[in-house]
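# A closer look at the structure
So the chains spell out like this:
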Amino acid sequence: MLGKRKRVVLTIKDKLDIIKKLEEGISFKKLSVVYGIGESTVRDIKKNKERIINYANSSDPTSGVSKRKSMKSSTYEELDRVMIEWFNQQKTDGIPVSGTICAKQAKFFFDALGMEGDFNASSGWLTRFKQRHGIPKAAGKGTKLKGDETAASEFCGNFQEFVERENLQPEQIYGADQTGLFWKCLPSRTLALETEQSTSGYRSSRERIIIMCCANATGLHKLNLCVVGKAKKPRAFKGADLSNLPVTYFSQKSAWIEHSVFRQWFEKYFVPQVQKHLKSKGLLEKAVLLLDFPPAHPNEELLSSDDGRIIVKYLPPNVTSLIQPMSQGVLATVKRYYRAGLLQKYMDEGIDPKMFWKNLTVLDAIYEVSRAWNMVKSSTITKAWKKLLPGNEENSGMNIDEGAILAANLATVLQNTEDCEHVDIENIDQWFDSRSNDSSCQVLTDSEGAEDQAKPAEHKPFSKTRKTELNPEKHISHKAALEWTENLLDYLEQQDDMLLSDKLVLRRLRTIIRRKQKIQNSKSH
């Protein structure tokens, strides 16, 4: 009588090996003998093939996750996804990460994502988080985590050889990367009064979108920003045609761009626009797109043009902070211009801070971040490629700290603005560089919804009785002008042949009308 077979628990790596061998044609029976498991277990692995591969791809390959033996997910899966993205970013940026910092960040994200439940970032949670992602103990003791300089140097050499071998020009070399943007973030010492910060309106915001910047190494071809939000069509998009937005908009529930969304962007937007640009330059329609390590994107084989001339290449893990072009100041510059534009918009409108943040919608944020991306100079992008393409930045001009100039100018203006007297250059500079997780930043929650629905009179459509107000002999109120401007903006969003400049001009006029209305109201009191 045969003895009872010893129970064998396979690691994730073992399961991936079995999947590969099954694809090579090795039988269930042979694999069951090699690994000491039953044939039914091998069949289960094949059945769960997609889940196992997705789990492995979504984990940091340098973390030792392949040694894990289960794929048990977190109770708060979205929080878990955001946390591991944040942790990996800290690691690539060389920022020390301790257990205490991890716990505080988890609590911040739990509130920022508006999650429900009784979450406690305890030592037990931290241990399970590390186990789920194979994070070594040393990573939680505040040890500075540096990028892999050896891997970065080796990749740079290989990439330069690839560019020379394929005879690619800087016009044909592209880079793309994504970042999260809390679009209602404001300086803690600006706009938000202490009495107001204690109210429920000034808690961490769930108003977060993902933006992805993509441009070639010359900085002369910048694709429209790719923006990803949670809502398929946010309330602020009412009446707007998504195809007419100054960005490419997608929706998904996840905290980071999913494989399917990225593949759709690549095939539908990136490839056609690159082909069109290269054709206009008289160049062969051949290009390469440089991306971060695959966990955030589909495999290389799945991303290429139909003719195979436009392909992607992935950076090795743990080198983003060292050589990823968009992480060499490009994404940071976009955020700086966005936040500077937000403050300038507030000062131009001259209205009550609470009213300003209440009126600010995700559509406003999309136009503002699109403007910020357009303001990034080609020289800034060119310099970001200097490690991968040495010599490419020779004619990019002087190295000017645009952020310092922005901070100084804004601080000077804000010090003479009501409710902003206590701001200084240091506060503005910290806010520019903040990631919405420290004391330099406050986030106001969106008040769209119940309050807006309770005041439908503010957005009435035109009616026959009001047409007489268009008579130039009659006085037109600021309220009426603002209503007409809002309707005209809605109209422009529905048209497919309107220029972005036209929409921006009208938005500027709306700002002026709001300011005039505020001045009039203050005089009447």
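Look above for the structure.
Residues numbered from 1 in each chain as written. Predicted model: local features only at pLDDT ≥ 70, side-chain atom pairs only at ≥ 80, totals over all residues. Heavy atoms only, no water.

### Examining the nonpolar core
In terms of nonpolar packing, the biggest core is built from 55 residues, with Phe159, Ile173, Ile323, Trp373, Trp385 and Leu388 touching the most fellow members. Dropping the residues within four chain positions of it, Leu388 is found in contact with Phe155, Cys156, Phe159, Gln160, Leu290, Ile323 and Pro325. Listed in part, the 25 residues of the second largest apolar core include Cys226, Phe270, Val271 and Ala287. (Core = buried A, V, L, I, M, F, W, Y, C linked by side-chain atoms within 4.5 Å. Buried < 20%, exposed > 50% of the residue type's maximum accessible area, 1.4 Å probe, protein only. Contact = heavy atoms within 4.5 Å.)

### Things to note about the sheet that holds strand β3 (residues 208-216)
Strand order in the open sheet made by the six strands is β5-β4-β3-β1-β6-β7, with mixed pairing throughout. The open sheet has two edge strands with one neighbour each: β5 (248-251) and β7 (310-314). The average angle at which neighbouring strand axes cross in this sheet is 25 degrees, direction not considered. Sheet topology places strand β1 (residues 173-182) next to strand β6 (residues 287-291); three bridges connect them, and they run parallel. Paired with Ile173 across the two strands is Val288, which belongs to β6. Of the strands in this sheet, β1, β3, β4 (226-229), β5, β6 and β7 touch helix α10 (residues 259-280), which is tilted by about 140 degrees from β6. Contacting β1 and β3, helix α12 (residues 330-349) crosses the sheet at an angle of about 45 degrees to β1. (Pairing = 2+ DSSP bridges. Helix = DSSP H or I, 4+ residues; strand = E, 2+ residues; numbered from the N terminus. Axes fitted to C-alpha atoms, helices over the stretch in contact; angles between N-to-C directions.)

### Thoughts on the environment of Lys20
Mapped onto the secondary structure, Lys20 falls in helix α1 (residues 12-23). Residue Lys20 is classed as exposed on the basis of its relative accessible area, which comes to 52%. A C-alpha to C-alpha distance of 9.9 Å links Lys20 and Lys46, two positions 26 residues apart in sequence.

### Some points on the side chain of Thr382
By the element assignment, Thr382 lies in helix α15 (residues 378-383). Within polar-contact distance, the side chain of Thr382 engages the backbone oxygen of Thr218 at 3.2 Å. (Polar contact = N/O pair within 3.5 Å; in protein donor to acceptor, adjacent residues only side chain to side chain.)

### Looking at the state of the cysteines
Scanning the model with the defined rule gives zero disulfides in all. Just so you know, Cys213 is unpaired, no disulfide at all, and the nearest cysteine sulfur is the one on Cys214, 8.9 Å from it. Under the relative-accessibility criterion, Cys213 is labelled buried at 0%. (Disulfide = S-S within 2.5 Å.)

### Describing helix α14 (residues 362-375)
Between its terminal C-alpha atoms α14 stretches 20 Å, which fits the 20 Å expected from 14 residues at 1.5 Å a residue. Across the 14 residues of α14, eleven count as buried, placing the element largely inside the fold. Within the span of α14, buried status applies to Val362, Leu363, Asp364, Ala365, Ile366, Tyr367, Glu368, Val369, Ser370, Ala372 and Trp373. (Expected span 1.5 Å × (residues − 1).)

### What about the side chain of His221?
Mapped onto the elements of the fold, His221 is located in the loop between β3 and β4. At 2.7 Å, the side chain of His221 forms a polar contact with the side chain of Tyr174. Setting aside chain neighbours within four positions, we find His221 in contact with Tyr174, Cys214, Ala215, Asn216, Gln273, Val274 and His277.

### Considering the packing of aromatic side chains
The tally for this structure, following the rule as stated, stands at 13 aromatic pairs. Aromatic side chains Phe108 and Phe182 sit 6.1 Å apart centroid to centroid with 55 degrees between the ring planes, which places their arrangement in the tilted category. One end of the pair, Phe108, is in helix α6 (residues 99-112); the other, Phe182, is in strand β1, and 74 residues separate them in sequence. The interplanar angle of 15 degrees and the centroid separation of 5.3 Å between the aromatic rings of Trp125 and Phe129 together place this pair among those described as stacked. Remark: Phe129 and Trp125 occur in helix α7 (residues 123-133); sequence separation between them is four residues, near one turn of the helix. Judged by its relative accessible area of 8%, Trp125 is buried. For Phe129, a relative accessible area of 0% translates into the label buried. Cluster of aromatic residues (ring-pair linked, three or more members): Tyr174, Phe262, Trp265, Phe266 and Phe270. Over the ring of Phe28 we find Arg43, and its NZ or CZ is 4.2 Å from the ring centre. (Phe/Tyr/Trp six-rings, centres within 6.5 Å; stacked < 30°, edge-to-face > 60°. Lys NZ or Arg CZ within 6 Å of the ring centre and 35° of its normal.)

### Thoughts on the pairing of β3
Within β3, nine of the nine residues are buried, which leaves the element mostly enclosed by the surrounding structure. Neither face of β3 is left uncovered, since the one carrying Arg208, Ile210, Met212, Cys214 and Asn216 and the one carrying Ile209, Ile211, Cys213 and Ala215 both have all their residues buried. Two strands pair when backbone bridges link them, and β3 and β4 are joined in this way by three bridges, in the antiparallel orientation. Each bridged residue has a counterpart across the sheet, and for Met212 the counterpart in β4 is Cys226.

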